[in-house]
Amino acid sequence: MGPLLYDCGFAREIYALEDGAQIKRCMQCGACAVSCASRQEMEPSPRGLFSLIRAGRKEDVLNANTFWVCTSCCACRVRCPRGIDILGVMHELQYYYLKSGHGTGSRAVFHRTFWQELRSRGRIGEAGVMLRCWLKEGALTRAVLMSLEMKGTGLNLLRHRRLSLFPRKIKGLTGLNRIIDKAMAQQGYRE
Amino acid sequence: MAAKTGVYLCSGCGIGEAVDIAGLRRVAEKDRRVALVRESNFFCGRDAGWIQRDVGDGAVNRVVVAACSPRFYGAVFDCSPDIPVVRVNLREQVAWCHEPGCEDTLMLAQDALRMGLARAAGAGVTQPFLLADPSKTILVAGGGLAGMTAALEAARAAFRVILVERQEFLGGWLRNVYRCAPVGPPYTELAENPVPLLSREVADHPGIEVCCGASIERTAGGPGMFDVTIRQGERLRQERVGAIIVAAGARPYDPAKLTRLKNLGYGTNPDIVTSPCFETLALEGGGRVARPSDGREVRRVAFIQCAGSRDPNHLPYCSAVCCGETLKQALYLLEAAPDSIVFIYYRDLRVHGREEHFYRRVQEAGAIFIRSEVLNVAVRGGSLSVEADDIFLGCRSRTEGLDLVVLATGMVSGSGGGGLAEGVLNLDYRQGPELPALKYGFPDSHFICFPYETRRTGIYAAGCLREPMDLAATLDDAAGAALKAIQCVEMTARGQAVHPRALDQTYPEFNLSRCTQCKRCTEECPFGAINEDARSNPLPQITRCRRCGTCLGACPERIVSFKDYSVSLISSMIKAVEVPEEDGAKLRVLIFACENDAYPALDLAGAGRMRYNPWVRIIPLRCLGSLNPVWIADALARGIDGVLLLGCRQGEDYQCHFINGSELARTRIMNISETLDRMGLEAGRIRVIEVGIMDYARIPDILDGFVKDLAVLGPNPLKGF
């Protein structure tokens with residue numbers, strides 16, 4: 001493989017996003033990477049992702065799981081010596097990904113399903129999210145196969161009352177949806 | 001005047017519990033020079049007046065205070081200048097670190113008192129060395145930022161200043177600089193070049209005499225009496241000044257040498273330039289930079305840091321300013337055209353202190369920082385490209401289409417050669433015309449304690465001549481050097497040592513009638529304080545002297561002495577130690593401890609209540625360099641079983657306050673160990689150990705280990721002769 005070529009076009013596109021300009025401040029210390037609660041799953045770390053953005057590696061950035069695995073725990077935000085709102089950047093990148101027409105990937109599907117579940121019930125039911133997700137990904141067959149594969153976990157969760165097969169809706173769901181709609185309209189996001 | 005010694009025995013702070021005071025009183029009363037003995041447990045407070053009263057009554061003319069370490073309560077026990085005060089350290093070095101009530105502890109305390117009595121008996125009254133007409137003028141060599149700031153600081157403190165600049169104009173290096181890195185809050189914006197304003201202020205100040213286009217032909221004399229010959233064109237003039245600040249600056253690393261760094265391509269393409277060259281381009285273009293090859297304005301630029309720096313084949317050190325300079329230059333481009341693309345290749349971005357804010361500012365302006373090792377700079381498709389081992393991406397990376405590549409080069413002190421500021425002062429010293437340099441051509445000084453002091457007393461280095469530094473640091477540095485110069489002229493006028501033995505009024509006196517012209521003192525003096533006449537007689541220049549006593553240690557004829565410190569005085573202290581006659585029962589070890597680090601370390605061991613062997617007897621020395629080998633002979637002839645020398649670390653990162661005292665001591669010991677062999681004494685009876693002040697925890701191991709090794713050798717065979 002030849003040397004990687006720096007291309008400033010993509011970096012400038014990201015810097016132009018509302019929270020994207022903060023990435024410029026990153027000094028690559030790696031405090032975010034070591035603070036991350038999901039660092040086992042995350043590839044690359046926020047630090048690595050920022051250096052890819054800087055180098056203009058658009059494909060590598062969009063294929064990264066960084067902003068999907070992020071649980072918004074805020075540990076990186078708290079520790080960043082440059083005060084970068086890494087959370088904000090991660091959300092920004094999620095929307096950038098969805099907007100740039102990558103909506104068919106499994107992570108995008110999960111993202112949509114998650115919101116769908118939230119909108120319809122006002123809370124997240126694990127069983128509901130997973131079923132919806134599998135149905136979208138590969139219709140009924142996948143839903144059945146995956147359910148069978150996960151049945152041990154599911155049964156254990158049920159036994160300990162950690163999982164509800166028929167989660168109830170929250171009170172005032174319409175109100176919650178109105179709040180979300182308003183917030184999204186203000187930020188200019190679409191689902 | 002007959003000696004009338006007053007002995008003040010303190011029993012406070014645990015001394016009374018550890019030592020039988022009556023036993024000490026017996027020792028004092030046996031000495032016929034002792035006029036009176038007083039006991040108290042609170043001499044440093046309630047009963048402090050006793051000493052002053054006895055002195056005032058004329059009952060005593062020498063004072064021995066057997067209490068705490070001389071490092072404490074100096075002001076309480078000091079009497080008038082003509083009364084020698086000797087402190088016997090019973091607290092830190094006896095009571096706190098030895099078995100209370102034990103026979104050995106008492107013997108140790110009694111020996112300490114005997115040594116103190118001997119010291120008091122031998123001490124003379126010091127008259128300060130006063131110059132007839134000491135000059136308080138301060139000469140500043142160099143009219144750059146450091147020189148001008150130092151001149152202004154000194155002039156504002158109402159000292160007359162002469163500023164000598166080699167070029168026709170003030171300003172130095174900064175004259176060729178477009179803008180400066182920020183020096184004030186918010187530390188994010190480029191600062192105007194301070195030179196025009198500063199040079200006007202300097203030129204207008206009534207206390208500063210500016211000599212531009214001038215050089216110094218010769219510098220003779222010493223602090224308070226430097227005779228400087230200044231040449232301005234054809235005109236020569238003579239000035240007498242008190243102290244000198246050298247701020248001759250640094251120069252950029254020779255670009256011709258960069259051509260040896262083949263991968264950076266310097267010299268192969270006109271668009272690969274050094275950072276000083278970039279600065280000139282920016283100055284000419286008023287912030288816009290035209291490419292040298294075709295004059296087009298540059299839009300894509302790569303800066304490469306550490307070009308020839310931190311490289312064992314070029315400059316092995318970091319020049320401290322190049323990172324800041326690059327940030328500044330990147331901002332020129334990004335401010336002139338915000339869509340410019342700037343890559344900065346760096347190894348470590350060394351921006352310290354508040355420059356961090358500036359770093360952030362340049363990041364936010366859009367510069368792209370690439371931590372990497374640059375592999376090569378090449379021409380690719382008509383423009384430049386840089387290939388590097390990218391540490392953040394973990395692979396090789398390349399930037400292309402560059403209009404200009406800037407190599408950030410470091411700085412070199414002085415003007416080459418071995419000496420610092422070669423040809424600037426032209427000192428008329430026996431040791432040569434230059435200030436000695438330590439490493440990389442920067443001045444030799446005690447980096448931690450005395451950063452401004454060079455190895456020539458009264459001559460202070462400031463600015464980039466002293467070490468590479470940025471603007472803000474230079475301003476502080478110049479002010480610091482000015483304060484040091486002021487301290488020097490003031491203390492010299494009062495006849496006191498300047499540093500490190502500030503306020504010391506004693507000075508070495510030479511009994512020249514016995515001098516054999518062996519030149520050891522003139523050669524070994526670390527500060528060039530002793531000149532020579534045509535017949536090789538030493539000509540001591542007292543105001544240059546730092547009172548370390550190296551000459552005293554060097555002189556084989558023992559002709560050098562201070563009023564309170566001489567060969568015979570220390571010998572009399574050695575002879576005051578009582579050596580038990582019986583074979584092998586109790587060994588006696590003499591410790592010569594450097595006052596600056598080893599003695600405080602011994603105190604700290606005591607303060608930490610560490611226990612060590614009570615057979616040791618401690619004599620503080622001004623510096624281990626003042627150790628005269630005759631003392632070793634005295635000690636061994638007296639039957640003392642071993643001699644331990646505790647001094648500072650030597651070598652490249654030496655800690656000696658007087659440069660090479662411990663090194664000299666080691667050499668002298670090596671020289672006498674052959675003689676010892678001939679006398680049938682083992683060389684192992686003498687040991688030199690390096691102790692820093694923070695090594696106090698090692699003290700018990702060092703002392704006990706030495707005593708143990710001596711026990712193996714057995715008692716000194718000369719005992720009882």
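Predicted model, so just to flag it, every value in this text is computed and none were measured. Starting from 1, residues in each chain are numbered consecutively following that chain's sequence as written. Both sets of labels track the order of writing: A upward for chains, 1 upward for ligands. Note on the predicted model: pLDDT of at least 70 is required for a residue's local features to be given, and 80 or more for side-chain atom pairs to be given and counted; whole-chain, interface and lining totals, by contrast, use all residues.

As for the overall build of chain A
Basically, it comes down to this: Helix numbering and strand numbering both begin at the N terminus, where a helix is a DSSP run of H or I of at least 4 residues and a strand a DSSP run of E of at least 2. The burial criterion counts other C-beta atoms lying within 10 Å of a residue's C-beta, which is placed from the backbone; the residue is buried at 20 or more, exposed at 12 or fewer, and partly exposed between these limits. Contact between two residues is assigned when their C-beta atoms, built from the backbone, lie within 7 Å.
Helices and strands together make up the secondary structure of chain A, namely 11 helices and one strand. With the C-alpha coordinates aligned to their principal axes, the bounding extent of chain A is approximately 50 × 40 × 30 Å. Looking at chain A as a whole, 22% of its 191 residues are labelled buried. A sequence separation of at least 24 residues applies to 56% of the contacts in chain A between residues at least 6 apart.

Re the overall build of chain B
The helix and strand inventory of chain B stands at 20 helices and 32 strands. Its C-alpha atoms give chain B principal-axis dimensions of roughly 95 × 60 × 55 Å. Counting only residues that meet the buried cut, chain B has 53% of its 721 residues in that class. By sequence separation, contacts in chain B at least 24 residues apart represent 70% of the contacts at least 6 residues apart.

Quick word on helix 9 (residues 126-149) of chain A
Residues and elements named next belong to chain A. What counts is decided by this rule: Expected span, for any helix, means 1.5 Å times one less than how many residues it has. At every residue, the bend is computed as the angle between two fitted axes, covering the seven residues ending there and the seven beginning there respectively.
A rise of 1.5 Å per residue sets the reference length of helix 9, with its 24 residues, at 34 Å; its end C-alpha atoms lie only 15 Å apart and thus fall more than 12% short of the reference. A bend of about 130 degrees at G138 is the largest found in helix 9. Looking only at helix 9, the buried set comprises R132, C133 and W134. Contacts from the buried residues of helix 9 go to helix 8 (106-121).

Re the interface of chain A and chain B
Filter applied, for reference: For this scheme, ten residues count as nonpolar: Ala, Val, Leu, Ile, Met, Phe, Trp, Tyr, Cys and Pro. Four count as charged, namely Asp, Glu, Lys and Arg, and the remainder, Gly too, count as polar. Criterion used throughout: strands pair if DSSP finds at least two bridges between them.
With 12 residues of chain A in contact, the opposing surface of chain B contributes 17 residues. Elements that contribute at least two residues to the side of chain A that touches chain B include exactly strand 1 (4-5) and helix 3 (46-55) of chain A. The dominant element in the side of chain A that touches chain B, judged by the number of residues it contributes, is helix 3 of chain A, at three residues. Considering only residue class, the side of chain A that touches chain B consists of six nonpolar, two polar and four charged. The pairing of strand 1 of chain A with strand 18 (residues 395-402) of chain B spans two bridges and is parallel. Note on strand 18 of chain B: the bridge partner recorded for L5 of chain A is R398 of chain B.

Here we look at the sheet that holds strand 5 (residues 138-141) of chain B
All names here are of chain B. Stated formally: For helices, the fitted line uses only the C-alpha atoms of the stretch in contact; every axis is such a line through C-alpha atoms, and the angle between N-to-C directions lies from 0 to 180 degrees.
Pairing within the open sheet is parallel, and its five strands lie in the order 7-6-5-11-23. Strands at the two margins of the open sheet, each flanked by one partner only, are strand 7 (208-211) and strand 23 (459-461). Adjacent strand axes in the sheet meet at a mean angle of 20 degrees when their direction is disregarded. Bridge count between strand 11 (residues 243-246) and strand 23: three bridges; the pairing is parallel. From the neighbouring strand, I245 faces strand 23, where its bridge partner is Y460. Strands in contact with helix 7 (residues 145-156) are strand 5, strand 6 (161-164), strand 7 and strand 11; relative to strand 6, the strand with the most contacts, it is inclined by about 170 degrees. The strands touched by helix 13 (residues 471-493) within the sheet are strand 5, strand 11 and strand 23, with strand 11 carrying the most contacts at an inclination of about 165 degrees.

Points about the packing of helix 11 (residues 322-336) of chain B against helix 12 (residues 355-365) of chain B
Residue and element names in this part refer to chain B. Convention followed: When the near helix sits turned anticlockwise from the far one by under a right angle, the crossing is termed left-handed; a clockwise turn instead gives a right-handed crossing.
The N-to-C vectors of helix 11 and helix 12 enclose an angle of 35 degrees; their axes lie 10 Å apart at closest approach. Where helix 11 crosses over helix 12, the handedness of that crossing is left-handed. Within the contact between the two elements, helix 11 uses G324, L327, A330, L331 and L334 and helix 12 uses E355, F358, Y359, V362 and A365. Looking at the contact of helix 11 with helix 12 residue by residue, the classes come out as eight nonpolar, one polar and one charged.

Here's the deal with the sheet that holds strand 4 (residues 85-89) of chain B
Residue and element names in this part refer to chain B. Reading across the sheet, the four strands line up as 2-1-3-4 and stay open at both edges, with parallel pairing between neighbours. This sheet does not close on itself; its edge strands, each paired only once, are strand 2 (34-40) and strand 4. Pairs of neighbouring strands in the sheet enclose a mean axial angle of 15 degrees, with direction left out of account. Where helix 2 (residues 21-30) meets the sheet, it contacts strand 1 (5-10), strand 2 and strand 3 (62-67), and its direction lies at approximately 165 degrees from that of strand 2. Contacts between helix 3 (residues 48-57) and the sheet are confined to strand 1, strand 2 and strand 3, with strand 1 contributing the most and set at about 170 degrees to the helix.

Concerning unusual backbone geometry
Across the junction of E43 of chain A and P44 of chain A, the peptide omega takes the value -10 degrees, indicating a cis bond. By the element assignment, P44 of chain A lies in the loop between helix 2 (31-35) and helix 3. That bond from H499 of chain B to P500 of chain B is cis: its omega, -5 degrees, falls within 30 degrees of zero. When you line up the elements, P500 of chain B lands in the loop between helix 13 and strand 24 (509-510). Not every positive phi belongs to a glycine, and Q28 of chain A is a case in point at roughly 60 degrees. Here Q28 of chain A lies in the loop between helix 1 (8-15) and helix 2.

Looking at the pairing of strand 11 of chain B
All names here are of chain B. Every second residue of strand 11 is oriented toward a common face, with A243 and I245 on one face and I244 and V246 on the other, all of them buried. Across four bridges, strand 5 lies against strand 11 in parallel orientation. When the bridges of strand 11 are listed, V140 appears paired with I245.

Observations concerning the pairing of strand 18 of chain B
All names here are of chain B. Bridge count between strand 17 (residues 383-390) and strand 18: six bridges; the pairing is antiparallel. If you follow D389 over to strand 18, its bridge partner there is R396. Connecting strand 17 to the antiparallel partner strand 18 that follows it, the hairpin turn spans four residues, and G394 within it adopts a positive phi of roughly 75 degrees.

Description of helix 12 of chain B
All names here are of chain B. Within helix 12 the residues assigned to the buried category are E355, F358, Y359, R361, V362 and Q363. Where the residues of helix 12 are buried, they touch helix 11 and strand 16 (368-380). Of the residues flanking the end of helix 12, it is G366, one or two places downstream, whose phi is positive at about 115 degrees.

Here's the deal with the environment of W134 of chain A
Residue and element names in this part refer to chain A. Examined against the element boundaries, W134 turns out to sit in helix 9. Owing to 21 C-beta atoms within 10 Å, W134 belongs among the buried residues under this scheme. Taking the C-alpha atoms as reference, W134 lies 34 Å from G56; in sequence the two are 78 residues apart. Each residue touching W134, except ones within four places of it in the same chain, is listed here: R142, A143 and M146.

Side note on the environment of A151 of chain B
All names here are of chain B. When you line up the elements, A151 lands in helix 7. Once the C-alpha coordinates of A151 and V210 are considered, the two residues, 59 residues apart in sequence, prove to be 9.6 Å apart. Every residue in contact with A151, bar those within four places of it in the chain, is listed here: V140, V161, L163, V202 and I208.

Quick notes on the packing of helix 2 of chain B against helix 6 (residues 103-122) of chain B
Residues and elements named next belong to chain B. Cut-off, in case you're wondering: For this classification, under 35 degrees means roughly parallel, over 145 means roughly antiparallel, 65 to 115 means roughly perpendicular, and everything else is oblique.
Packing of helix 2 against helix 6 leaves a shortest axis separation of 10 Å and a crossing angle of 30 degrees. Of the possible angle classes, the one that applies to helix 2 and helix 6 is roughly parallel. Two packed elements cross with a definite hand, and for helix 2 against helix 6 that hand is right-handed. Residues G23, L24, V27 and A28 of helix 2 form the contact with helix 6, whose own contacting residues are L106, A109, Q110, L113 and R114. Looking at side-chain class alone, the contact of helix 2 with helix 6 contains six nonpolar, two polar and one charged residues.

Re the environment of A108 of chain A
Residues and elements named next belong to chain A. Position of A108 among the secondary structure elements: in helix 8. With 16 C-beta atoms counted inside 10 Å, the residue A108 sits in the partly exposed group. Placed 40 residues apart in sequence, A108 and W68 show a C-alpha to C-alpha distance of 8.7 Å.

A closer look at the confidence of the model for chain B
Note the following rule: Residue-level confidence of the predictor, termed pLDDT, takes values from 0 up to 100.
Confidence in the prediction of chain B, expressed as mean pLDDT, is 92, and 98% of residues score 70 or more. Overall fold confidence for the complex sits at a pTM of 0.87, while the interface term, ipTM, reaches 0.84.

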